Amino acid sequence: MAAQDLYNLSPALRLMIMGLVVAMGPLAWVWLRNRNATVAQRLRVLTLVTLFLTFDLVIFGAFTRLTDSGLGCPDWPGCYGHASPVGAQMHIEAAQTAMPSGPVTHSKAWIEMVHRYLATGVGVLILTLTITSWMERKRIKISPWWPTATLVWVCLQGAFGALTVTMKLFPAIVTMHLLGGLVLLLLLKAQAVRYAQAQGSQLPVALPNGTRLLVLATFALLWLQIALGGWVSTNYAVLACTDFPSCQGSLWPAMDFSQGFTLWRELGAGHDGANISFQALTAIHYVHRLSAYVVFAAMLALAFRLYRVPALRGQGQWLAGLALLQVATGLGNVLLGWPLLAAVMHTGGAAALVIVLTGIVFCSRAHAPAADVPSASKLSASRLSA
């Protein structure tokens, strides 16, 4: 049997048409519901719709990864050179017959291709946002470079999606693909906030400097934790520890940090090319768990502070609720043997935290330093001297 080409661009045009079809529904809904609204209002609604669909795409991407469907179609962008698994049925049947529990089956092929259709549809929506923003840049108060940066990023995401397939689930590439999807959520949420501020429906909330620093620190810690969690998932290290709070009956189990955190290596391989050791998988898992304690504490502290700020009280409640959800689903993964629902919800919770914290970052600002705020006595003195 001839080797399967990793890249086959022959179905690319049909996939683009499929993405356009997926995007037509949201585009029509936004236009019909907001046909009498201003351009800025329509763009804000379209940004929010795109954000919602991108969130769905991240969750479905997690479902694709967790059902081992990432190689359901072993070429890119189509499936055995076809735009859908229907045309590739003969190839899929042959692969499934040769290896019934292997990476290529009919169900896995459909899961992988639906993920690609959704990704293409999101790309069309972002392209629409970019083109419209440049065409109407004189009538809106937000820079068109925001959607342009988002468009560039979604193209990079497509490239990482291709590498995920062609490099056979290389852990570093899959982790970067996950992080890239969450950066896309960040960019879209930031745009939505900017549109609301430009329309005057939302004003930046002044926070004490300490609270503002805690917001930024928690945001940075969240991204570190997501990267560690992605590394756990892409190396299939979740079940290296199946008890809590100990791991393998110890609070400090045997771990190989050097091998576990060698970033550029194949799936299942160590830094020397041999099979990765169980101690390395334990190190990957346990570092993520230890980091989770710090991140959880920071989120609860921030939620408590935001609760005292009326304009951000709702965001603080969401932050606390999502932090608790992450703890529950994380424990469920460990104690229940990595059930699919808990694993998908864990990724979804991380994505929701990115959206909520991005909103808090862009909705708030630090208080102006006291030295920059002239007092009444100084103003009176300046007037008398004048």
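Look a little higher up for the structure.
Throughout what follows, the structure given in this document is the object of discussion.

Parameters at a glance
Residues numbered from 1 in each chain as written. Predicted model: local features only at pLDDT ≥ 70, side-chain atom pairs only at ≥ 80, totals over all residues. Heavy atoms only, no water. Helix = DSSP H or I, 4+ residues; strand = E, 2+ residues; numbered from the N terminus. Buried < 20%, exposed > 50% of the residue type's maximum accessible area, 1.4 Å probe, protein only. Contact = heavy atoms within 4.5 Å. Areas by Shrake-Rupley, 256 points an atom, 1.4 Å probe, with all protein chains shown as cover. Lys, Arg positive; Asp, Glu negative; His and termini not counted. Charge placed at Lys NZ, Arg CZ, Asp CG, Glu CD. Patch = residues over 30% accessible without salt bridge, like charges linked within 9 Å, V, L, I, M, F, W, Y side chains within 5 Å. Salt bridge = Lys/Arg side-chain N within 4 Å of Asp/Glu carboxyl O. Phe/Tyr/Trp six-rings, centres within 6.5 Å; stacked < 30°, edge-to-face > 60°. Core = buried A, V, L, I, M, F, W, Y, C linked by side-chain atoms within 4.5 Å. Disulfide = S-S within 2.5 Å. Polar contact = N/O pair within 3.5 Å; in protein donor to acceptor, adjacent residues only side chain to side chain. Expected span 1.5 Å × (residues − 1). Axes fitted to C-alpha atoms, helices over the stretch in contact; angles between N-to-C directions. Left-handed = near helix turned anticlockwise from the far one by under 90°.

### What to know about the overall build of the chain
From N to C terminus, the chain includes 12 helices and 4 strands. Considered along the principal axes of its C-alpha atoms, the chain spans approximately 95 × 55 × 30 Å. In the chain, which comprises 386 residues, the share counted as buried stands at 48%. Counted over contacts in the chain with a minimum sequence separation of 6, partners at least 24 positions apart contribute 78%. For the chain, the exposed area adds up to about 18,800 Å²; of that, 69% sits on carbon and sulfur atoms. If you average the places of the 24 positive and of the 12 negative side-chain charges in the chain, the two averages end up 24 Å apart.

### Focus: a nonpolar patch on the surface
A grouping of Phe-244, Trp-252, Phe-257, Leu-290, Tyr-293, Val-294, Leu-335 and Leu-336 is seen on the molecular surface, where their side chains present a nonpolar patch of about 830 Å² in accessible area. For the nonpolar patch, the leading source of residues is helix α9 (residues 278–307), giving 3 residues. Looking at the secondary structure, you find Phe-244 in the loop between α7 (209–234) and α8 (257–260). Phe-244 sits in the partly exposed class, given a relative accessible area of 40%.

### Considerations on the packing of aromatic side chains
For the coordinates displayed, the defined rule picks out 9 aromatic pairs. Both rings, one in Tyr-7 and one in Trp-76, keep their centres 6.4 Å apart while their planes meet at 80°; by these two values the pair is edge-to-face. In this pair, Tyr-7 is assigned in strand β1 (residues 7–8) and Trp-76 in strand β2 (residues 76–77), connecting sequence segments 69 residues apart. On the numbers, 6.0 Å between centres and 70° between planes, the contact of Tyr-236 with Trp-338 is edge-to-face. One end of the pair, Tyr-236, is in the loop between α7 and α8; the other, Trp-338, is in the loop between α10 (313–335) and α11 (340–363), and 102 residues separate them in sequence. Since its relative accessible area comes to 32%, Tyr-236 is described here as partly exposed.

### Focus: the nonpolar core
Counting residues in each nonpolar core, the largest one holds 54 residues, and the members touching the most others are Leu-182, Leu-185, Met-299, Leu-319, Val-354 and Leu-357. Top element by residues in this core is α11. It accounts for 12 residues. In this view, Leu-182 contacts Val-58, Trp-223, Ile-226, Ala-351 and Val-354; residues no more than four positions away in its chain are not counted. With 12 residues, the next largest nonpolar core counts Ile-173, Val-232, Val-238 and Ile-284 among its residues.

### A word on the state of the cysteines
According to the stated counting rule, one finds 2 disulfides in the structure shown. Note that Cys-73 is cross-linked by a disulfide to Cys-79, the S-S spacing being 2.1 Å. Looking along the S-S bond of the Cys-73-Cys-79 disulfide, the torsion reads about -80°, which is the left-handed sense. Taken individually, Cys-73 and Cys-79 each receive the classification buried, so the pair is uniform in this respect. In this model Cys-241 forms its disulfide with Cys-247; the gap between the sulfur atoms is 1.8 Å. Looking along the S-S bond of the Cys-241-Cys-247 disulfide, the torsion reads about -65°, which is the left-handed sense. Classification of Cys-247 by relative accessible area gives buried; the value is 0%.

### What to know about unusual backbone geometry
Between Trp-76 and Pro-77 the backbone carries a cis peptide bond, its omega angle lying at 10°. Here Asp-68, not a glycine, exhibits a phi torsion of approximately 55°, which is positive. Inspection of the secondary structure assignment puts Asp-68 in the loop between α2 (39–66) and β2. Unusually for a residue other than glycine, Tyr-236 sits at a positive phi of about 55°.

### A closer look at the environment of Thr-262
The topology assignment puts Thr-262 in the loop between α8 and α9. Along the backbone, Thr-262 and Ala-172 are 90 residues apart, and their C-alpha atoms lie at a distance of 9.6 Å. The contacts of Thr-262, once residues within four sequence positions are left out, are Trp-231 and His-271.

### Brief notes about the side chain of Thr-105
Following the sequence through the fold, Thr-105 ends up in the loop between α3 (89–98) and α4 (106–135). Thr-105 sits in the buried class, given a relative accessible area of 8%. Within the structure, the side chain of Thr-105 is placed 3.3 Å from the side chain of Ser-107, a separation counted as a polar contact. Setting aside anything within four residues of it in sequence, one finds Thr-105 in contact with Ile-92, Gln-96 and Pro-100.

### Thoughts on helix α5 (residues 145–166)
Between its terminal C-alpha atoms α5 stretches 32 Å, which fits the 32 Å expected from 22 residues at 1.5 Å a residue. Pro-147, Thr-148, Thr-150, Leu-151, Val-154, Gln-157, Gly-161, Ala-162, Thr-164, Val-165 and Thr-166 are the residues of α5 that are buried. Considering only its buried residues, α5 is in contact with β1, β2, α4 and α6 (171–198). Just beyond α5, the residue with positive phi is Lys-168, at close to 55°.

### Overview of the packing of α2 against α11
Look at α2 against α11: their axes get within 9 Å of each other, and the N-to-C directions meet at 150°. Along this stretch, α2 crosses α11, giving a crossing that reads as right-handed. For the pair formed by α2 and α11, the contact residues are Leu-51, Phe-55, Val-58, Ile-59, Ala-62, Phe-63, Arg-65 and Leu-66 on the first element and Leu-340, Ala-343, Val-344, Thr-347, Gly-348, Ala-351, Ala-352 and Ile-355 on the second.

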